[in-house]
Amino acid sequence: MQDAADIWQSGYTPAVPFTINLPQGEVIICEAVVRAMPGRRYVCRGRWGARTVFIKLFSTGSRAKREWQYEQRGIAVLKEKAIPAPALLLSTSLPEPAAHLLVYAALERPVSSRERWEGADVAGRRQLVGELVDVLAAHHAAGLRQQDLHMQNFIYSDSVLYTLDAADIEVNPAAVNKRASLDNLAALFALLGPEYDAWVNMFYPRYAGQRGWQVSETDSESLQSMIRQQRRYKQRKFLDKIFRNCTAFAAGQTWRRFHVYDRQQDDALFRDLVHDPDHLPLTARRSMIKAGNTCTVTSVRFGQQQLVSKRYNIKSIWHGLGRAWRPTRAAQSWRSAHRLLMHGIATARPLALIENRFGPLRGTAWFIMQAVDGPSAHVFFRDPAVDRAARRAIAGQFADVLNIMRREKISHGDMKATNFVISDGRLVVLDLDALRLHRDKVAFERAFRRDLRRFFRNWHELPEVAALFRECLTAAGLQDYLPGE
């Protein structure tokens, strides 16, 4: 078992287990890295003697040292205000590795608020939001404000909701003022989808009651506006992050090449694929799906995974010059896939983006995604073995997806039936390089109507299918966008 001497040079994936030698001669064993911020902080799960603990190692850099100090201050205030938080067992500085250390008692059977949300029905989610609102009200009344509020910072253990990550807690000498409180409450609601915005009118009076405020219509309107602003900010922040090196993604750039890929795929085989996507390792198998002039699509059997690689070709020097300064279609697909997933629309899991470059100029590019099994909508709705109930269920999913796209002002750009796959009873949206987010309402509605005209052309010879879609889309409130019969 190695020690932690070289931890700050180990990047996002330090080898585990490793040991930390305490000044008093005891040893802590880090068994798993929970979060890595190279050069600043590692959070690990491990053992201290017979006790299971969580370990936070902070580097000796000025920023990391401040985080170590803020964390201790935040934990102390949480304890003083009787707000549940993990017990801090040890705070010390280490000579080797040069680091500042915090050790917490591990919580019994911990479940994050995010995990509980994802596993709950509507009633369970409503209860969870109410409990989070209660915790936030207690924070604000105590002068505390979470500056990086997300559901992973609130953990259940034996039905008690604990607050984590005290380094990001701002400590005020008095209760948090109304404007800052509403902004922080908006950050909580912005974590939920827009379909839950109606809950604001249910939970704001609960929050206000705990703060001793009168509920006013102006406050509710301000809160709704702040939620929309917070949500747009979080979305922009995430869609910027997908192009850079961070906890979730591995990125690299040279004068001749740019790449970014899902860090969960970070092994030697996948790195080989990213390094040279046209020449596979001997253990991989490739078969052609489409050999077009502008786009070559191949299926790749890679280890235990079935992948799809889309290579966006440069047809000529003039085509290359026209594309060189613009984002590649592969980059548009990479961003669009993450955008759809962020809004709860199923698409093939995006795994990697690779671009050939010459300085700032872009050339051939690849978008690699996980393969999706299942028939296309073109096949599904023409299959006589598919009964009407199954068809109606998928048509209803189309209506749900289109409603989300309308709400977010997203147009698809190529709504051929072959660009939609039914996989295990779920609608999956594919071929995203023409997908667009519109800022202008008029431009969006024009593109959205064009999408629906193209979509209904899929069913010209199937009037009963077209009628089913009209029925489902009308029931979803999309009747104003339907093409004439």
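Before reading further, recall that the structure is shown in the block above.
Parameters and conventions
Residues numbered from 1 in each chain as written. Predicted model: local features only at pLDDT ≥ 70, side-chain atom pairs only at ≥ 80, totals over all residues. Heavy atoms only, no water. Core = buried A, V, L, I, M, F, W, Y, C linked by side-chain atoms within 4.5 Å. Buried < 20%, exposed > 50% of the residue type's maximum accessible area, 1.4 Å probe, protein only. Helix = DSSP H or I, 4+ residues; strand = E, 2+ residues; numbered from the N terminus. Contact = heavy atoms within 4.5 Å. Axes fitted to C-alpha atoms, helices over the stretch in contact; angles between N-to-C directions. Parallel < 35°, antiparallel > 145°, perpendicular 65-115°, else oblique. Left-handed = near helix turned anticlockwise from the far one by under 90°. Polar contact = N/O pair within 3.5 Å; in protein donor to acceptor, adjacent residues only side chain to side chain. Pairing = 2+ DSSP bridges. Expected span 1.5 Å × (residues − 1). Patch = residues over 30% accessible without salt bridge, like charges linked within 9 Å, V, L, I, M, F, W, Y side chains within 5 Å. Areas by Shrake-Rupley, 256 points an atom, 1.4 Å probe, with all protein chains shown as cover. Salt bridge = Lys/Arg side-chain N within 4 Å of Asp/Glu carboxyl O. Lys, Arg positive; Asp, Glu negative; His and termini not counted. Charge placed at Lys NZ, Arg CZ, Asp CG, Glu CD.

**A closer look at the nonpolar core**
Phe-381, Phe-398, Trp-459, Phe-469 and Leu-473 are the most contacted members of the largest nonpolar core, which has 62 residues in total. It is helix H11 (residues 388-408) that provides the largest number of residues to this core, a total of eight residues. Each residue touching Leu-473, except ones within four places of it in the same chain, is listed here: Ala-399, Leu-402, Leu-452, Phe-456, Leu-478, Gln-479 and Leu-482. Val-135, Phe-154, Leu-182 and Leu-188 belong to the second largest nonpolar core, which has 30 residues in total.

**Things to note about the packing of helix H3 (residues 122-141) against helix H5 (residues 200-211)**
Between H3 and H5, the shortest axis-to-axis distance is 9 Å and the interhelical angle comes to 30 degrees. On the basis of the axis angle, H3 is roughly parallel to H5. Crossing angle aside, the handedness with which H3 passes H5 is right-handed. In contact with Arg-126, Val-129, Gly-130, Glu-131, Val-133, Asp-134, Leu-136, Ala-137, His-140 and Ala-141 of H3, H5 contributes Met-202, Phe-203, Arg-206, Tyr-207, Gln-210 and Arg-211.

**Remarks on the side chain of Gln-265**
Residue position: Gln-265 is located in the loop between strand E14 (257-262) and helix H7 (268-275). A polar atom in the side chain of Gln-265 sits 2.7 Å from the side chain of Gln-305. Ignoring anything within four residues of it in the chain, the contact list for Gln-265 reads Phe-270, Gln-305, Arg-349 and Leu-351.

**A look at the sheet that holds strand E8 (residues 111-112)**
Within the open sheet, the three strands sit side by side as E8-E10-E11. Their pairing is antiparallel. In the strand order of this sheet, the two ends are held by E8 and strand E11 (160-163), each with one partner. Examined bridge by bridge, strand E10 (residues 154-157) and E11 share four bridges and lie antiparallel to one another. Residue pairing across strands places Ile-155 opposite Tyr-162, the latter belonging to E11.

**Looking at helix H4 (residues 178-189)**
With 12 residues, H4 should cover 16 Å at 1.5 Å per step; its first-to-last C-alpha distance of 16 Å lies within 8% of that length. Among the residues making up H4, those that are buried are Ser-181, Leu-182, Asn-184, Leu-185, Ala-186, Ala-187, Leu-188 and Phe-189. Buried positions along H4 lie against H3, strand E9 (144-146), H5 and helix H6 (217-241). Regarding H4, its N-cap is Asn-177, as a side-chain oxygen of that residue lies 3.3 Å from the backbone nitrogen of Arg-179 further along.

**Some remarks on a positive patch on the surface**
Residues Arg-228, Arg-232, Arg-236 and Arg-439 make up a contiguous surface patch of positive charge. Assignment of secondary structure puts Arg-232 in helix H6.

**Considering the sheet that holds strand E19 (residues 361-370)**
Ordered in space as E13-E14-E18-E19-E17-E16-E15, the seven strands form an open sheet in which the pairing is antiparallel. A single partner strand is all that each edge strand has here, and the edge strands are strand E13 (249-253) and strand E15 (285-291). The mean inter-strand angle of the sheet, taken between neighbouring strand axes irrespective of direction, is 15 degrees. In the packing of helix H9 (residues 329-342) onto the sheet, the strands contacted are E13, E14, strand E17 (305-312), strand E18 (350-358) and E19, and the crossing angle to E18 comes to about 155 degrees.

**Quick look at unusual backbone geometry**
Cis geometry is found at the peptide bond from Val-16 to Pro-17, where omega equals 0 degrees. Here Pro-17 is to be found in the loop between strand E1 (2-3) and strand E2 (18-21). One non-glycine residue, Asp-158, lies in the positive phi region at around 50 degrees. One can find Asp-158 in the loop between E10 and E11. Even without being glycine, Ser-159 reaches a positive phi, approximately 70 degrees. Classification of Ser-159 as exposed rests on a relative accessible area of 67%.

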